[in-house]
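Descriptive structure summary
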Amino acid sequence: MDIDSSVYKTLLESTKAIPWRIDWKTLQFTYIGPQIEALLGWSPASWATAQDWADRMHPEDREETFNYCVSQSQAGMDHEADYRALTKTGGYVWIRDVVHVVRKNGEVEALVGFMFDISERKKTEEKLITLQKELEELSFKDGLTGIANRRLFDSIIDIEWTNARRNHQPLSVVMLDIDYFKQYNDHYGHLMGDDTLRQVAQTLAAAATRARDFVGRYGGEEFILVLPETDAKSAEKIAERCRSMIAQLQIPHAGSSISPFLTACLGVATAMPALDSDMTAFIDSVDKLLYVAKQNGRNRVECAPPGPTIVAASAPRTR
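Computed from a prediction, not measured in an experiment: that's the story for all the values here.

Side note on the pattern of salt bridges
Any two side chains of opposite charge can pair, given that their charged atoms come close. Inspection of the entire model under this criterion finds 16 salt bridges. One salt bridge in this structure joins R96 and D82, with 2.7 Å as the shortest N-O distance. Here R96 is found in strand β4 (residues 92-104), whereas its partner D82 is found in strand β3 (residues 79-86), with 14 residues between them in sequence. Residue D82 pairs with K122 through a salt bridge whose shortest N-O separation is 4.0 Å. Taken together, the positions of D82 in strand β3 and K122 in helix α5 (residues 119-139) put the pair 40 residues apart, joining distant regions of the chain. The class for K122 is buried, based on a relative accessible area of 15%. Several salt bridges share partner residues, and in doing so they unite D82, R96, K122 and E125 into one network.

Below, the structure written as structure tokens:
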């Protein structure tokens, strides 16, 4: 059974997809479906050449999309392209062009294709991308305090250790533990304890002022600071600033045996990593210094003694 061209045309124009045809030699539209006007506002008659198609494309999409489609067409390869098309009212609609290259005697004769409105799909994709970013951020954020968590610390310390080794710069780490926090929770309750952890986290974040300074919750009532390009003397000053700022909060702590207010002890170490330096051993050394601070009376800063890996940088940043 033969189907005449009018039937084909009726079928094409009854779909949401917008059919079109371009003559390859002249780059002129020989046909574009009337659906184009309902979607973009431009009449079919206004689509004269491929240049009209290019001009009605978002400036950010135009060059890449145009060059891609031309190169694929010249190669005789069917292809698809997503881009934002300009509406007559000045807005943009996401379009997916599905292009078939028609060849005759081995030469490209025409391009035929369909335009699809994929705006809703793009909105969904953008929402999913935003959600994914939020989930990634949440995966690196401590749910209670809002600062970085242990997972992000593990990533950051690895990066900064590598940078310090490559650039021959000092790297300092401060580990902090709230004194007698179990007794605090026993006396005031866990809700008050959670609020106190949040206050301490905010205080530490305010104490570390440079863009690359890292503050995170290490676990429980322990916090950790990573201070790139910071020598031992500067790191000690920052640790003492943290200790002092926490004391100045004057959070009552009836369960403490050393102060009527909340206090903290801190361990501090600085390394100039060499090729054979052990990052894990260095972090363990900071943890041991924190333990020493507890043993020596709490509410204090304990620093590593001078040694092979505890050195000052040749030109450390000042604080």
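We are not done yet, so read on.
A look at the packing of helix α7 (residues 181-188) against helix α8 (residues 190-207)
The description of two helices packed together rests on the angle between their axes and the distance between the axes. It is at 7 Å that the axes of α7 and α8 come closest, and there the two elements cross at 135°. Here α7 lies oblique to α8, going by the angle between them. Contacts between α7 and α8 involve F181, Y184, N185 and Y188 from the former and H190, M192, G193, T196 and L197 from the latter. In the contact of α7 with α8, the residues fall into five nonpolar, four polar and no charged.

Remarks on α7
When α7 is considered as a whole, its buried residues turn out to be F181, Y184 and N185. For α7, the arc enclosing every buried residue in end-on projection is 95°, short of the 170-degree limit, so these residues lie on one face. Opposite the buried face of α7, by more than 90 degrees, sit the exposed residues K182, D186 and H187. As for α7, its buried residues are in contact with β6 (171-178) and α8.

Let's talk about the sheet that holds strand β5 (residues 107-117)
If you walk across this open sheet you meet the five strands as β2-β1-β5-β4-β3, and the pairing is antiparallel. The outermost strands of the open sheet, each flanked by one partner alone, are β2 (28-32) and β3. Averaged over all neighbouring strand pairs, the angle between strand axes comes to 30°, with direction disregarded. One ladder, built from six bridges, connects strand β1 (residues 18-23) with β5; its direction is antiparallel. What sits directly across from D23, in β5, is A110. Contacts from helix α4 (residues 59-74) reach β3, β4 and β5, with the element oriented near 150° to β3. Its contacts with the sheet put α5 on β3, β4 and β5, and the angle it makes with β4 is roughly 120°.

Re the packing of aromatic side chains
Evaluation of the coordinates by the stated rule reveals ten aromatic pairs. Between F114 and F116 the ring centres are 6.3 Å apart and the planes differ by 40°, which places this aromatic pair in the tilted class. Note on F114: relative accessible area 31%, which makes it partly exposed. When the centroid spacing of 5.8 Å and the interplanar angle of 5° are considered together, the rings of F181 and Y184 count as stacked. A residue pair is termed a helical-turn pair when its members lie 3 or 4 positions apart in one helix, as F181 and Y184 do in helix α7 at three residues.

Some points on the packing of helix α6 (residues 150-167) against helix α10 (residues 279-295)
Look at α6 against α10: their axes get within 11 Å of each other, and the N-to-C directions meet at 115°. Considering how the two elements wind past one another, α6 and α10 form a crossing that is right-handed. The segment α6 lies against α10, with F153, I157, D158 and W161 engaging M279, F282 and I283. Considered class by class, the residues forming the contact of α6 with α10 number six nonpolar, no polar and one charged.

So, the nonpolar core
Core analysis: the biggest nonpolar cluster contains 27 residues, and L176, I178, L204, F223 and L225 have the highest contact counts within it. Elements with a contribution of two residues or more to this core: β6, α7, α8, β8 (222-228), α9 (232-248) and β9 (264-271). Apart from the residues lying within four places of it in its own chain, the contact partners of L176 are L204, E221, E222, F223, I246, A264, C265, L266 and L290. If you look at the next biggest cluster of nonpolar residues, it comprises 24 residues, including I36, L40, A85 and I95.

Brief notes about unusual backbone geometry
Keep in mind that most residues, glycine aside, have a negative phi and that most peptide bonds are trans. A positive phi angle, close to 55°, is found at L27, a residue other than glycine. Considering the arrangement of structural elements, one finds L27 in the loop between β1 and β2. Phi is positive for Q250, close to 50°, though the residue is something other than glycine. With respect to the helices and strands, Q250 occurs in the loop between α9 and β9.

Scoring rules and cut-offs
Residues numbered from 1 in each chain as written. Predicted model: local features only at pLDDT ≥ 70, side-chain atom pairs only at ≥ 80, totals over all residues. Heavy atoms only, no water. Salt bridge = Lys/Arg side-chain N within 4 Å of Asp/Glu carboxyl O. Helix = DSSP H or I, 4+ residues; strand = E, 2+ residues; numbered from the N terminus. Buried < 20%, exposed > 50% of the residue type's maximum accessible area, 1.4 Å probe, protein only. Axes fitted to C-alpha atoms, helices over the stretch in contact; angles between N-to-C directions. Parallel < 35°, antiparallel > 145°, perpendicular 65-115°, else oblique. Contact = heavy atoms within 4.5 Å. Nonpolar A, V, L, I, M, F, W, Y, C, P; charged D, E, K, R; others polar. Arc of directions from axis to C-beta. Pairing = 2+ DSSP bridges. Phe/Tyr/Trp six-rings, centres within 6.5 Å; stacked < 30°, edge-to-face > 60°. Left-handed = near helix turned anticlockwise from the far one by under 90°. Core = buried A, V, L, I, M, F, W, Y, C linked by side-chain atoms within 4.5 Å.

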